[in-house]
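The primary structure of each chain is shown beneath.
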Amino acid sequence: MRTESQRSRIETFHVMDVWRAAAQRQRTHGDVLSLAAGQPSTPAPVPVLRATRLAVDAELLGYTETFGILPLREAIAGYHRDRYGLSVDADDVVVTTGSSGAFTLLFLAAFDPGDTVVVARPGYPAYRNTLAALGCDVVELDCGPQTRYQPTVEMLEALDTPPAGLIVASPANPTGTMIDPDELAALARWCDEHDALLISDEIYHGIEFGTPGSPATSSAWATSRESVVVGSVSKYFSMTGWRLGWVLVPESLRPALQRLASNMTVCPPSISQFGAIEAFGAEARTELDGHVARYATNRELLLTGLPDLGITKLAPADGAFYVYADIAHLLEDETSTAWCARLLHDTGLALAPGVDFDTVRGDETVRLSFAGSTADIDAALDRLAGWLPVR
């Protein structure tokens, strides 16, 4: 019998176990309230749904160009021009099967087995796990509150040798923190000077709260066209299941991406491409900004309500839709994974334990998503208040 490959023996995505347990709880009790999912609770924008229905009748919906249909690439380029004032055209854009597909293609195109790639800790686990599956050496930078949980040039300078690549995310998952534009520019320049590929995960752009002390949004391409920018319709655009992402890439990487993508995926989903063109229009943006206003209300409820329950060590949550919390003081002889399992069992409230995001201190942290309704956030705080020990 053929056994599994060595490369497949990476860490699982533990939040999926939480989703499975929550689904089982829902079947048996019907009372699940989930703050574990990293996705909007709203459907795709109305103009996207309208365009998709039209495409079903009017378009073949067969294979498309490997890099995506031209109208979509033009819409994405226009989005970057309008939002950041950047000179971007359709040839700079590669449409992918979600940002997850983008990362896999990028890692294959830019890195060889044994190459060192640097990521922040805490951070999104799929960076680390996908790189490991492809044979890369992952170096985690310990990023705490003193740097808003983000990497710095000083951290890179402290490495023994420059890495082949650096991945940054702003706003970040799970912390929601953002990189100051000057620091992002400095990171981009450092990478250019040391022949390291900067991959800037910007999939949460559009979900920022502009609170006092939080950095402004900036794109890596504002400094370096040798960097790679990753985008997606999943988060701000509320289209997770449509599996559509994109990258802005330097010309030097495009032939490799063409060869890899044409063999591995042929093209992104065509129906999603035709619908997504409308995601970048004014009508959709008005609807989506309404979601962000709700996220801001939910964020404030958690940042105010959790300290009232004794959970006071929280990441700043500049953007995205997460609060990352230290619960070490609530744990006795258990991990945050076990604590979350007890919480779900006792109350039906599902949170994501931090083990996915931090390989060192994740057993003491949790992530709460506030992408749902405001009523759900109120109810979640009530359930926590009734379950936590009296202080």
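Nothing here was measured: the structure is a model prediction, and the numbers come from that model. (Residues numbered from 1 in each chain as written. Predicted model: local features only at pLDDT ≥ 70, side-chain atom pairs only at ≥ 80, totals over all residues. Heavy atoms only, no water.)

Quick notes on the sheet that holds strand E4 (residues 137-142)
Note the following rule: Paired strands are those between which DSSP finds at least two bridges. Segments assigned H or I by DSSP are reported as helices when at least four residues long, segments assigned E as strands when at least two residues long, and all are numbered from the N terminus. Between the N-to-C directions of two axes lies an angle of 0 to 180 degrees, each axis being a line fitted to C-alpha atoms and, for a helix, fitted only over the stretch in contact. What makes two residues a contact is simply this: any of their non-hydrogen atoms within 4.5 Å.
Sheet architecture is open: seven strands sit in the order E2-E8-E7-E6-E5-E3-E4, paired in mixed fashion. Looking along the sheet, the strands with just one partner apiece sit at the ends: strand E2 (93-96) and E4. Ignoring strand direction, the axes of neighbouring strands in this sheet form an average angle of 25°. On top of the sheet, helix H4 (residues 98-110) reaches E2, strand E5 (165-169), strand E6 (197-201), strand E7 (228-232) and strand E8 (245-248); it is set at about 160° to E7, its chief contact.

Concerning helix H7 (residues 181-193)
Along an α-helix, residues three or four positions apart point the same way, because every turn accommodates 3.6 residues. Selection criterion: To estimate the expected span of a helix, subtract one from its residue number and multiply by 1.5 Å. The classification of residues rests on relative accessible area computed with a 1.4 Å probe and restricted to protein chains. Under 20% of the type maximum is buried, over 50% is exposed, and intermediate values are partly exposed. Any pair of nitrogen or oxygen atoms within 3.5 Å is treated as a polar contact; in protein, a donor-acceptor pairing is required on top of that, and neighbouring residues in sequence qualify only through side-chain atoms on both sides.
Taking 1.5 Å as the rise per residue, H7 with 13 residues should run 18 Å; its terminal C-alpha atoms sit 18 Å apart, in good agreement. Those residues of H7 that fall on the buried side of the exposure criterion are Leu 184, Ala 185, Leu 187, Ala 188, Trp 190 and Cys 191. Packing partners of the buried residues in H7 comprise helix H6 (153-157), E5 and E6. The backbone nitrogen of Asp 182 has a side-chain oxygen 2.9 Å away, supplied by the residue at the start of H7, namely Asp 180. Remark: Asp 195 follows H7 within two positions and exhibits a positive phi of approximately 55°.

Describing the side chain of Thr 66
Locating Thr 66 in the fold gives a position in the loop between helix H2 (46-58) and helix H3 (70-84). For Thr 66, the side chain forms a polar contact with the main-chain oxygen of Val 266, separated by 3.0 Å.

A closer look at the packing of aromatic side chains
Definition in use: Note on aromatic pairs: the rings of Phe, Tyr and Trp (six-membered ring only in Trp) are paired at centre separations within 6.5 Å, and the planes decide the class, stacked below 30 degrees, edge-to-face beyond 60, tilted for the rest.
A complete count under the given rule lists 19 aromatic pairs for this structure. The interplanar angle of 75° and the centroid separation of 5.3 Å between the aromatic rings of Trp 339 and Trp 387 together place this pair among those described as edge-to-face. Here Trp 339, found in helix H11 (residues 336-347), pairs with Trp 387, found in helix H12 (residues 374-387); they are 48 residues apart in sequence, far enough to count as distant. Grouping residues by exposure puts Trp 339 and Trp 387 together as buried. One aromatic cluster is present, formed by Phe 13, Phe 103, Phe 107, Phe 111, Tyr 124 and Tyr 127 through successive ring pairs.

Digging into the pairing of strand E12 (residues 365-369)
The buried count for E12 comes to five of five residues, which makes it a mostly enclosed element. Along E12, one buried face is formed by Thr 365, Arg 367 and Ser 369 and the opposite face, lined by Val 366 and Leu 368, is buried too. Across five bridges, the pairing between strand E9 (residues 322-326) and E12 is antiparallel. Paired with Tyr 324 across the strands is Arg 367, a residue of E12. As paired strands, strand E11 (residues 352-353) and E12 are joined by two bridges and run antiparallel to one another. Following the sheet pairing, Ala 352 is matched in E12 by Arg 367.

Quick look at the packing of helix H10 (residues 282-308) against H12
Angle between the axes and distance between the axes are the two parameters that describe a pair of packed helices. Put simply, the test is: Orientation is classified from the angle alone, with under 35 degrees giving roughly parallel, over 145 giving roughly antiparallel, 65 to 115 giving roughly perpendicular, and any other angle giving oblique. Crossings are assigned a handedness: left-handed for a near helix turned anticlockwise from the far helix by less than a right angle, right-handed for a clockwise turn. Residues were grouped as follows: Ala, Val, Leu, Ile, Met, Phe, Trp, Tyr, Cys and Pro as nonpolar; Asp, Glu, Lys and Arg as charged; and all remaining residues, including Gly, as polar.
Closest axis-to-axis distance for the H10/H12 pair is 9 Å, and the angle between their directions is 15°. The pairing of H10 with H12 is recorded here as roughly parallel in orientation. As H10 packs across H12, the resulting crossing turns out to be right-handed. Residues Arg 294, Thr 297, Asn 298, Leu 301, Leu 302, Gly 305 and Leu 306 of H10 pack against Thr 374, Ile 377, Asp 378, Leu 381 and Leu 384 of H12. When grouped by side-chain class, the residues that make up the contact of H10 with H12 number six nonpolar, four polar and two charged.

Here's the deal with helix H8 (residues 254-264)
Keep this limit in mind: What the arc measures is the spread of directions leading from the helix axis to the C-beta atoms.
Within the sequence span of H8, burial applies to Arg 254, Ala 256, Leu 257 and Ala 261. Projected down its long axis, H8 shows its buried positions confined to an angular sector of 150°, all on one face. For H8, the exposed residues lying more than 90 degrees away from the buried face are Arg 259 and Asn 263. The positive-phi residue at the C-terminal boundary of H8 is Val 266, with phi of around 65°.

Details of the environment of Cys 267
Of note, Cys 267 is situated in the loop between H8 and helix H9 (270-276). The sequence separation of Cys 267 and Phe 67 amounts to 200 residues, and the corresponding C-alpha distance is 6.7 Å. If near-sequence neighbours (up to four positions away) are discounted, Cys 267 is found in contact with Tyr 63, Thr 64, Glu 65, Thr 66 and Thr 97.

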